[in-house]
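A closer look at the structure
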Amino acid sequence: MRKLISLDENWTLSFPKGERLAEKVTLPHTWNAVDGMDGNGSYLRTTGVYRCTFLKPEQPLEGGRVYVEVLAAALAAVVKVNGTVAVTHEGGFSAFRADITDLCKEGNNEMTIEVSNEDTPSMYPASADFTFYGGLYRGVNLISVPHTHFDLDYYGGSGIKVTPKPTEDGGATFEIESFVTNQEDCFTVMYSIEDACGCEVAAAVRPADDTAVTIYVPDAKLWSMDEPNLYTVVARLQKNNETYDEIHVNTGVRSYSVTSDGGFFINNKAVSLRGVSRHQDRLYKGNALTAEEHVQDAKIIKELGANTIRLAHYQHSQDFYGACDRLGFAVWAEIPFISVFKSGKDAHEHCRRELTELIVQNYNHPSIMFWGISNEILIGGISQELVDCHHDLQRLCKELDPTRLTTIAHVSFTPVSGPMHHITDVESYNHYFGWYGGKIEDNAPWLDKFHADNPDICIGVSEYGCEGIINWHSNKPQCKDYTEEYQALYHEHMAQVFEDRPWIWSSHVWNMFDFGCAARNEGGVRGRNNKGLVTIDRKTRKDSFYVYQAYWSKEPMVHIAGRRHAQRAGETTEVKIYSNQDSVTLYCNGKKVGTKTEHRIFHFTVTLDEGINILLAVTDKVKDSITLEKVEKEPDSYTLPEFNERQEGVANWFKQMGSLDLKAPMEFPEGFYSVRDTMEEISKNEEALEITSKALKLATNFDIKPGIGMWDMLKTMKPEAMTNMISGIQDGFIESLNARLIKIKK
């Protein structure tokens, strides 16, 4: 029988280039747990060598095999056993295995795994807005199997494919195929389908050289996000009254579809997919999460009331996919074909392999309904080669899995007409109107116009959001003030936009949790992207979390917003309450303020007493209370200092322009720099780079210089395109920058 032996204990990690001292570690592990998010602006991208010793597993039968299974190694790995290479692997997010039987000896054996999170010419991701944590962050196993066993060699897959399909009579067919290695005469495969109680409801037996079978289950319980009913399919490889190998998978029976005018349907019922995106890291743990932490993340998302998750931007842990199966989420799973396109055959072959591993390793999860083939890939521009690569990935998806739909996440400035459309089955845009570009109010008109102009495209919103940092507060929140209040205001608007448009097949908040991005430095917080509805340590649910809970959750809830805006000045103060109940009554210090009947968001004007005030919100089913203090002047610590500095800096920029006519048409004389040159071209001239970097710092709050931050991702962009994506830029700003640049000769 198969044995799974964990090798997570007793490893030594060393660094051949000498950046750090050797240390003893336990898996899962990353060497960037701290520097990947500590705000120092960079993190260690190098090669680390993990080393352990192990005993060769005893084989009860002659001819047994031993495999090493690496659940993930970021971003590339070389596995050696007793000094001999067993397997190499590029791609930091999928599992891979190797048969190491012939490399093992009796007694102690040494395994080394050289792991690198450095960039290569062919590997994705190349550059993106998150930290590329290095290490063995999901664990390592030994798998001992008999000579004849279920397959362990094909792209890290489980050795079995199960395709359940509901039938018109209320039953379901289970199309099953398993794959047997070293098949011999007299072996058979016995399939058993068990319900949630572990009772067998159907079974079949096939010879090991022809394992495909269709099994019928009467009165099947369907899987959905509201009722995630699971079946367990067990495959037993048998001979002479003995089970030689056994595998099992959880699966679910469901049908689903998407239409451009009706949105998403599951089991023939219309359901709006509304949810979040998720990254896989935590505070000072990086991506080295335990199984329990993955499950906790899924439970927090379920608490929110979401029914869909976009798992960005890579293959996630089997622990998380399993939690999605059990809790009920419609999952978008994707590969890290993101941001910066790499030309050439090798890079495309890498994409094909990552997509193959994603699909083969996750085929049986009922929660996964969409395969994503790329994200914001036009940041670096478009080419015919890039378009052709997408068509090829689409074909590959359909070859490997014709049962699921494919999708893509377009960067906001992707043209609404052009070759990037009509490649995948459904499409989505990453839009940040109201944060990076435009106003909050631009979202609905853009979606309505796209839908009217492209009635045949199933359109969704794969990313939207804004930073919310719980230090900062304002009675009059504004874009880019980074206050918790502006983030909540933004999401109040967006939640209603999507509720009013069921034809939007899915929407995914960016992001469920704050996450590590060593290159970032904005809003007074370094090393993080703070667009999460929940803080990176999972300790604090921001007010925006409760906006969506009010819109999406079926559990009664009420939440008084602004509890961290605890000291209030003025004769009156606005108190905002989120609830999925029809009416809310508010009390201040035991006195009734009033009762409101509203939809999700309830506004009260409250006159606070001097000193401490207790506010109590009451509905028929739930209550909530907070404490506020009335003060003469609100603390300066509520306001991000650089918010005012940035506004003053833009004003000073215009003063420096002197008598320039900023209303004159922009010119682009040949042989001189302009805002239509890429940042990489501008960086060739020190003066041009200094001027442009200063302007973009004022406009975007990013340091955009060679070797700093997200340079590799942004170097192919042009200042004109960057500033067009930014909200709140004053008229004449880009013209003034261009006027300075066209005086500098190339």
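Residues numbered from 1 in each chain as written. Predicted model: local features only at pLDDT ≥ 70, side-chain atom pairs only at ≥ 80, totals over all residues. Heavy atoms only, no water.

**Some points on the sheet that holds strand β15 (residues 188-194)**
Note the following rule: Pairing between strands is defined by DSSP: at least two bridges between the two strands are required. The helix count covers DSSP runs of H or I at least four residues long, the strand count covers runs of E at least two residues long, and both are numbered beginning at the N terminus. Lines are fitted to the C-alpha atoms to define the axes, a helix being fitted only along its stretch in contact, and any angle between axes, read from their N-to-C directions, falls within 0 to 180 degrees.
Judged by pairing direction, the sheet is antiparallel, and its 4 strands sit side by side in the order β16-β15-β18-β19 without closing on themselves. Where the open sheet ends on each side, the last strands, each with one partner, are β16 (200-207) and β19 (242-251). Within the sheet, the average angular offset between the axes of one strand and its neighbour, ignoring direction, is 15°. As paired elements, β15 and strand β18 (residues 231-239) share 7 bridges and run antiparallel to each other.

**Notes on unusual backbone geometry**
The peptide bond linking L27 to P28 adopts the cis configuration, its omega dihedral lying at 0°. Tracing the backbone through its elements, the reader meets P28 in the loop between β3 (23-25) and β4 (47-55). Cis peptide bonds are those with omega within 30 degrees of zero, and the linkage from Y124 to P125 qualifies with 0°. When you line up the elements, P125 lands in the loop between β9 (108-116) and β10 (140-145). For E376, which is not glycine, the phi torsion reads 45° and is therefore positive.

**Regarding helix α7 (residues 543-552)**
Let me state the cut-off plainly: Buried residues are those whose accessible area, probed at 1.4 Å on protein chains only, stays under 20% of the maximum for their type, while exposed residues exceed 50% and partly exposed ones sit between those limits.
In terms of burial, α7 is a largely internal element, 10 of the 10 residues being buried. Residues of α7 that are buried: D543, S544, F545, Y546, V547, Y548, Q549, A550, Y551 and W552.

**Focus on empty space enclosed by the protein**
In this approach, a probe sized like a water molecule rolls over the atoms, and the result shows the empty space that is left. Threshold: Of the two site types, the cavity is a set of points on a 1 Å grid over the protein atoms alone where a 1.4 Å probe fits but cannot get out, and the pocket is an open set with protein on both sides within 12 Å along at least five of seven lines, each lined by residues with an atom within 4 Å of a point. Grid points are joined across faces, edges and corners, and a volume is the space filled by probe spheres set on the points. Amino acids outside the nonpolar list (Ala, Val, Leu, Ile, Met, Phe, Trp, Tyr, Cys, Pro) and the charged list (Asp, Glu, Lys, Arg) are all regarded as polar, and Gly is one of them.
Here the structure, examined in full by the defined rule, presents 5 cavities of 30 Å³ or more. What the largest cavity holds in volume is close to 100 Å³. Along the walls of the largest cavity sit 14 residues, with F130, T131, Y133, Q280 and Y314 positioned nearest its centre. Tallied by class, the residues present in the lining of the largest cavity amount to 8 nonpolar, 5 polar and 1 charged.

**As for the pattern of salt bridges**
What counts here: Salt bridges are counted wherever a side-chain nitrogen of Lys or Arg sits within 4 Å of a carboxyl oxygen of Asp or Glu.
Inspection of the entire model under this criterion finds 40 salt bridges. Between R278 and D297 there is a salt bridge; the shortest N-O distance is 3.0 Å. In this pair, R278 sits in strand β23 (residues 273-278) while D297 sits in helix α1 (residues 291-304), placing the two residues 19 residues apart along the sequence. Using a relative accessible area of 0% as the deciding quantity, one classes R278 as buried.

**A closer look at the layout of surface pockets**
Taken as a whole, the largest pocket spans an internal volume of roughly 1200 Å³. Along the walls of the largest pocket sit 40 residues, with E69, R97, S158, H248 and Q318 positioned nearest its centre. Secondary structure elements with two or more residues in the lining of the largest pocket: β1 (3-6), β10, β19, α1, α2 (318-327) and α3 (345-362). Here the lining of the largest pocket is built from residues that sort into 13 nonpolar, 16 polar and 11 charged.

**As for the sheet that holds strand β17 (residues 213-217)**
In spatial order, the strands read β12-β13-β17; together these 3 strands make up an open sheet with antiparallel pairing. Bordering the open sheet on either side are β12 (160-166) and β17, each of which pairs with just one other strand. Averaged over all neighbouring strand pairs, the angle between strand axes comes to 20°, with direction disregarded. In this sheet, β17 lies alongside strand β13 (residues 172-178) in antiparallel orientation, the contact comprising 5 bridges. Residue pairing in the sheet places A172 in a bridge with V217 of β17.

**Quick word on the environment of R236**
Threshold: Pairs of residues are marked as contacts when any of their non-hydrogen atoms sit within 4.5 Å.
You can see R236 is positioned in strand β18. In this structure the C-alpha to C-alpha distance between R236 and Y191, which are 45 residues apart in sequence, comes to 6.6 Å. Residues within four places of R236 in sequence aside, it is in contact with F150, T188, V189, M190, S192, E194, T243, D245 and E246.

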